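# Overview (structure and organization)
Chain by chain, the residues run as shown.
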Amino acid sequence: ACRDSQFARPPLRACFMFDDPNLHWPRYGFVDYKDIAARAARENYHVSFATVPMDGWITHPGTARLFQDNPERLSLLVHGNDHAHYELARDNAPEQRVALLRQAIHRIERLERAAGCEIARVMAAPHGACSDAMLLEMPGCGIESAVISHGSLRAHNKGKPWTRSLGYLPSEIIQGCPVLPRWGMTGNTYNTILLAAYLGQPMILRGHHADLRNGAELLDQLGSVINGLGQVRWGNMTELSRMNYQIRLDQETVRIKPGGVKLDVSLPCGARQMVIEAHSAHAWNYWLCTGAGSETLKVNIGEVMPIHDGCKSISLTAAIAPAVSSVNGNNGLPVWPFLRRLLTEGRDRLQSISR
């Protein structure tokens, strides 16, 4: 756990997350977007909602405006595709996995246009079920990272050697895909928060709408605990994912160890040149760097690159081979998954009404 102690770990970073809510209405079950936005602004935290791409068939204008007006407090990320049973953990052919991911991205792009707000290209696997074969295809399809608990990764990838060392680093890189951890927001969360902070992991606490049946005060309480640790960077899942790197200043050379495929790097004072070092789990061959000079530069692993005076931050993007061709260009609504999702959403909404 301490072998990379020469490198500074990512800053304290946090986000609350709820699986399933969509933009069909100002509320989703016990989730009241307006109330949560007000509380998050008052108590200083951020809440991200993992929304099912298939749900983008309708968008409530007032709800969309609420997200547009509160980007520092509310955001969205990707939650599977159809939210079908174990859809990201099935033993499908590579082209079928790519077809599913590309359909999810297509639907998310359509939802972004309708809602007028950006959606993080971070995948929250439905029920935490995701195979490493699916993780392999995500970066080539435009998914920057996934967010899955360590327990779910082990449960759905039994016997894989990489499962033995999960949980010690700020994040994992599995089959070339960055994976951020997450934990439930009920139970012994205090120890979970402390351990994640110590290991440099993002403090991502996940729940469902029913966790707020007694009110959103739960978020206020957890936010107070996290903010009590020091200067915490609350943000959406894109921001947390792009802070996923380790860094150290060696005289005038800043050495960066990436933990993601897209990074926004804050440079320390005194840095005159930069070196990108290979991650122990994966080494992308080269990176595209913007911000260090007047143009985008191609930087190879281990190559020394000068940094111009006054440069305080740079953006790095790993060069990733595109995914294989898909076998399915269909972007319609499949009948049974669509009906199943409508029934599930109806159940969730009725729970809050009947309470």
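In this report, we go over the structure that sits alongside the text. Given the structure is predicted, the values throughout are model-derived calculations rather than measurements. (Residues numbered from 1 in each chain as written. Predicted model: local features only at pLDDT ≥ 70, side-chain atom pairs only at ≥ 80, totals over all residues. Heavy atoms only, no water.)

### Points about the overall build of the protein
Across its full length, the protein carries nine helices and 20 strands. Relative to the compact-globule value of 20 Å for 355 residues, the protein shows a C-alpha radius of gyration of 20 Å, a close match. Across its three principal directions, the C-alpha atoms of the protein cover 65 × 50 × 45 Å. Counting across all 355 residues of the protein, residues that qualify as buried make up 52%. Excluding contacts between residues fewer than 6 apart, the proportion of contacts in the protein whose partners are at least 24 apart in sequence is 72%. For the protein, the exposed area adds up to about 15,800 Å²; of that, 50% sits on carbon and sulfur atoms. Seen as two clouds, the 37 positive and the 33 negative side-chain charges of the protein have centres 3 Å apart. (Helix = DSSP H or I, 4+ residues; strand = E, 2+ residues; numbered from the N terminus. Rg over C-alpha atoms; globule rule 2.2 N^0.38 Å. Buried < 20%, exposed > 50% of the residue type's maximum accessible area, 1.4 Å probe, protein only. Contact = heavy atoms within 4.5 Å. Areas by Shrake-Rupley, 256 points an atom, 1.4 Å probe, with all protein chains shown as cover. Lys, Arg positive; Asp, Glu negative; His and termini not counted. Charge placed at Lys NZ, Arg CZ, Asp CG, Glu CD.)

### What about the pairing of strand β16 (residues 273-276)?
Across four bridges, strand β14 (residues 253-258) lies against β16 in parallel orientation. Note on β16: the bridge partner recorded for R255 is V275. Pairing of β16 with strand β19 (residues 304-306) involves three bridges; the strand directions are antiparallel. Bridge pairing in β19 places Q273 opposite P306. (Pairing = 2+ DSSP bridges.)

### Brief notes about the sheet that holds β16
Here we have four strands laid out as an open sheet, ordered β13-β14-β16-β19, and mixed in their pairing. Sheet topology places β13 (245-250) and β19 at the edges, where each strand pairs with a single neighbour. Put simply, the sheet's adjacent strands are angled 25° from each other on average, direction ignored. (Axes fitted to C-alpha atoms, helices over the stretch in contact; angles between N-to-C directions.)

### Quick notes on the packing of aromatic side chains
Two numbers describe a pair of aromatic rings. These are the distance of the centres and the angle of the planes. By the definition in use, this model includes nine aromatic pairs. Measuring from ring centre to ring centre gives 5.3 Å for F16 and Y45, while their planes differ by 70°; the resulting arrangement is edge-to-face. With F16 in strand β1 (residues 13-19) and Y45 in the loop between α1 (33-43) and β4 (47-51), the pair connects residues that are 29 residues apart, well separated along the chain. In this pair, the class of F16 matches that of Y45, namely buried. Aromatic side chains F49 and F67 sit 6.0 Å apart centroid to centroid with 70° between the ring planes, which places their arrangement in the edge-to-face category. (Phe/Tyr/Trp six-rings, centres within 6.5 Å; stacked < 30°, edge-to-face > 60°.)

### Some details on the nonpolar core
Core analysis: the largest hydrophobic core is formed by 58 residues, its most contacted members being F16, I36, F49, L135, M138, L219 and I226. Considering every element that reaches this core, the biggest residue donor is helix α3 (residues 94-115), with seven residues. Setting aside anything within four residues of it in sequence, one finds F49 in contact with F18, P21, V31, Y33, I36, F67, L74, S75, L76 and L77. Ranked by size, the runner-up nonpolar core spans 22 residues in total, among them I247, V261, L267 and W287. (Core = buried A, V, L, I, M, F, W, Y, C linked by side-chain atoms within 4.5 Å.)

### Topic: the sheet that holds strand β18 (residues 297-300)
Strands sit in the order β15-β20-β17-β18 across an open sheet of four strands; the sheet is antiparallel. Single-partner strands in this sheet number two, and they are β15 (262-266) and β18. Across this sheet, the average inter-strand angle for adjacent strands is 30°, counted without regard to direction. For β15 and strand β20 (residues 313-318), the ladder comprises five bridges, and the chain directions are antiparallel. Pairing of D264 across the sheet is with S315, part of β20.

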